[in-house]
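Report on the structure
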Amino acid sequence: QVQPVESGGGSVQVGGSLRLSCAAPRYSVSRYCWGWFRQSPGKEREGVALIGSDDSTRYADSVKGRFTISKDTAENTLYLQMNNLKPEDTAMYYCEADLRRNFCSTPDWDPTTYSYWGQGTQVTVSS
């Protein structure tokens, strides 16, 4: 297994919380830009939260103040803490890496720049 492995998804009610994890066996989370993206049926993949190798972060307006991206370099794991979940957060969530730059301080929102991703984990929020 060399692709990242996402976990932590599930079904929750509105206002609930989930913590997604991404174990990355092949590339270090201390390098590159990493991000969480999501996609629901019939929609384009969209960036949710990004983190640079310098720990700089960026968030989509729709999740600011509710989601937090972080990483544990000792465990080589990426996280997404999701609070106050809404039905519109329902989607498959993917952990992805932009491998173009070892040092990254300006993560890119363009999903086509991310070339390393896993199978995803499903998040379903019901009202």
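Structural notes, computed from the coordinates. (Residues numbered from 1 in each chain as written. Predicted model: local features only at pLDDT ≥ 70, side-chain atom pairs only at ≥ 80, totals over all residues. Heavy atoms only, no water.)

**Topic: the overall build of the chain**
Going by this rule: The numbering of helices and of strands both runs from the N terminus, where a helix is a DSSP run of H or I of at least 4 residues and a strand a run of E of at least 2. The size measure is the radius of gyration over C-alpha atoms, and the globule rule it meets is 2.2 Å times the number of residues to the 0.38 power. Relative accessibility under 20% of the residue-type maximum defines a buried residue, over 50% an exposed one, and the middle range a partly exposed one, all with a 1.4 Å probe and only protein chains included. The criterion used for residue contact is that any of the two residues' heavy atoms lie within 4.5 Å. By the counting rule applied here, Lys and Arg register as positive and Asp and Glu as negative, while His and the ends of each chain are not counted. Where a charge lies is defined by one atom per residue type: Lys uses NZ, Arg uses CZ, Asp uses CG and Glu uses CD.
When you go through the chain residue by residue, the secondary structure sums to zero helices and eleven strands. The order of helices and strands in the chain, counted from the N terminus, is β-β-β-β-β-β-β-β-β-β-β. The C-alpha radius of gyration computed for the chain amounts to 13 Å, which stays within 12% of the reference 14 Å derived for 127 residues, consistent with globular compactness. Overall, the chain is about 40 × 30 × 30 Å in size when its C-alpha atoms are taken along their principal axes. For the chain, the residues scored as buried account for 45% of the 127 residues in total. Here the analysis covers contacts within the chain between residues at least 6 apart in sequence; of these, 62% occur between residues at least 24 apart. Here the chain holds 13 positive side-chain charges and 14 negative ones, and the gap between their average locations is 1 Å.

**Focus on the state of the cysteines**
Here is the rule we go by: In this description, a disulfide is simply a cysteine sulfur pair whose atoms lie within 2.5 Å.
Scanning all chains against the criterion turns up two disulfides. Between Cys22 and Cys95 runs a disulfide, and the two sulfur atoms are separated by 2.0 Å. A torsion of -50° about the S-S bond marks the disulfide between Cys22 and Cys95 as left-handed. Here Cys22, found in strand E3 (residues 18-23), pairs with Cys95, found in strand E9 (residues 91-98); they are 73 residues apart in sequence, far enough to count as distant. We classify Cys95 as buried; its relative accessible area is 0%. A sulfur-sulfur distance of 1.4 Å marks the disulfide that ties Cys33 to Cys104.

**Quick notes on the nonpolar core**
For the record, the criterion: To define a nonpolar core, start from buried Ala, Val, Leu, Ile, Met, Phe, Trp, Tyr and Cys residues and group those joined through side-chain atoms within 4.5 Å.
Ranked by internal contacts, the top residues of the largest apolar core, which has 28 residues, are Trp34, Trp36, Leu80, Met82 and Tyr93. Every element with two or more residues in this core is listed here: E3, strand E4 (33-39), strand E5 (46-51), strand E7 (67-72), strand E8 (77-82), E9 and strand E11 (121-126). Take this core: its biggest share by element is four residues, from E9. With sequence-adjacent residues up to four places away left out, Leu80 is seen in contact with Leu18, Arg19, Leu20, Trp36, Val48, Ala49, Phe67, Thr68, Ile69 and Tyr93. In terms of nonpolar packing, the next biggest core, distinct from the first, is built from five residues, Cys33, Leu50, Cys104 and Tyr114 among them.

**Considerations on the pairing of E4**
Every other side chain in a regular strand lies on the same face of the sheet, so the side chains alternate between the two faces. Operational definition: Strands pair, by our definition, only if DSSP identifies at least two bridges between them.
Among the seven residues that make up E4, six are buried, leaving the element largely enclosed by the rest of the structure. Alignment of E4 against E9, held across seven bridges, turns out to be antiparallel. Along E9, the bridge assignment pairs Trp36 with Cys95. Pairing of E4 with E5 involves five bridges; the strand directions are antiparallel. Residue pairing in the sheet places Trp36 in a bridge with Ala49 of E5. Joining the antiparallel neighbours E4 and E5 is a turn of six residues, in which Gly42 adopts a positive phi near 80°.

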